[in-house]
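Observations on chain architecture
Here are the chains, one letter per residue:
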Amino acid sequence: LSIGGDDVSNLLQKLLLEKGYLVTARRTEVIEELKTDMCTVANDFDERLENTSDEKVVLGQNVFKIGKELIEPPELLFQPKKFGKDSMGIIEGIQECIKKWGVNNEENYSNIILCGGSSQINLMNTRIEKDLEKVLKLTPTIHSLGSHATWQGALHSRFPDSISREKYEEFGTSIVGFHPKKSARTVR
């Protein structure tokens, strides 16, 4: 995917600016707190957007009267083209990743691990499970490890050739290779 948490944060800041809120001081803190604590992934985006009205949101010393601004940013991860981004969405990204793994079976969809700040957005797991279930006709299992747990993802994977953080720090990028029938992470 060529989109991520920064794009979600930037869209949230842009929507707040369009609403008349200038978030500059402590931008990262305010935007990130709004994103992870107040934004919500909608199961049905269009319906939710249509039925959302502005509400008063108090965050520290900041008071916002917002509604759709908390629903649109996370949708960027699912429908980037709707927001002018030329990228596949997270569902297509998951499918593409498993396809590249070389074995497209139900077991691969039972070990999807989300890491990073955007994985903490309300109802993210629920929406991914719902969308994948629609496309694949099976129920995936989503694990969310949190905003600083990217390296732990490999620890929970079923890939015996995953690289530990210690090995990566010792050998750098030279340790990473590509084996199309195994994994994108194989030790040389």
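Cut-offs used in this document
- Residues numbered from 1 in each chain as written.
- Predicted model: local features only at pLDDT ≥ 70, side-chain atom pairs only at ≥ 80, totals over all residues.
- Heavy atoms only, no water.
- Helix = DSSP H or I, 4+ residues; strand = E, 2+ residues; numbered from the N terminus.
- Buried < 20%, exposed > 50% of the residue type's maximum accessible area, 1.4 Å probe, protein only.
- Areas by Shrake-Rupley, 256 points an atom, 1.4 Å probe, with all protein chains shown as cover.
- pLDDT = per-residue confidence, 0-100.
- Contact = heavy atoms within 4.5 Å.
- Phe/Tyr/Trp six-rings, centres within 6.5 Å; stacked < 30°, edge-to-face > 60°.
- Polar contact = N/O pair within 3.5 Å; in protein donor to acceptor, adjacent residues only side chain to side chain.
- Expected span 1.5 Å × (residues − 1).
- Arc of directions from axis to C-beta.

Below, the discussion takes up the overall build of the protein chain. For the protein chain, the count of helices and strands is 8 helices and 6 strands. Reading the protein chain from its N end, one meets helices and strands in the order α-α-α-β-β-α-α-β-α-β-α-α-β-β. Counting the 188 residues in the protein chain, one finds 37% classified as buried. Counting only carbon and sulfur atoms, one obtains 50% of the accessible surface of the protein chain, whose full area is about 11200 Å².

On average, residues of the protein chain score 81 in pLDDT, and 79% of them reach the 70 mark or higher. The least confident element of the protein chain, judged by mean pLDDT, is strand S6 (residues 183-187) at 38; the most confident is helix H4 (residues 72-75) at 97. Scored below 50 in pLDDT, residues 178-188 shows 30 contacts in the model against residues more than four places distant or in partner chains.

Attention shifts here to the packing of aromatic side chains. Under the defined criterion, the tally for this structure stands at 2 aromatic pairs. Seen in terms of ring centroids, tyrosine 21 and phenylalanine 64 are 5.1 Å apart; in terms of plane orientation they differ by 75 degrees. Their pairing is edge-to-face. Linking tyrosine 21 in the loop between helix H1 (5-18) and helix H2 (27-38) with phenylalanine 64 in strand S2 (residues 62-66), this pair joins segments that are 43 residues apart in sequence. A relative accessible area of 21% places tyrosine 21 in the partly exposed class.

Summarising the element assignment, glutamate 69 is placed in the loop between S2 and H4. Among the polar contacts made by the side chain of glutamate 69, one reaches the main-chain amide nitrogen of glycine 67 at a distance of 2.9 Å. Those residues in contact with glutamate 69 that lie beyond four places of it in its chain are Leu12, Leu15, Lys19, Cys39 and Asp54.

With that settled, the discussion passes to helix H6 (residues 124-136). If you check H6, its first and last C-alpha atoms are 18 Å apart, about what 13 residues at 1.5 Å a residue would give, namely 18 Å. Restricting attention to buried positions, one finds in H6 the residues Met124, Arg127, Ile128, Asp131 and Leu132. Down the axis, H6 shows its buried residues gathered within 120 degrees of arc, on one side only. Those residues of H6 that are buried are in contact with H4, helix H5 (90-101), strand S3 (112-114) and strand S4 (142-144). Just downstream of H6 lies lysine 137, where phi reads positive at about 60 degrees.

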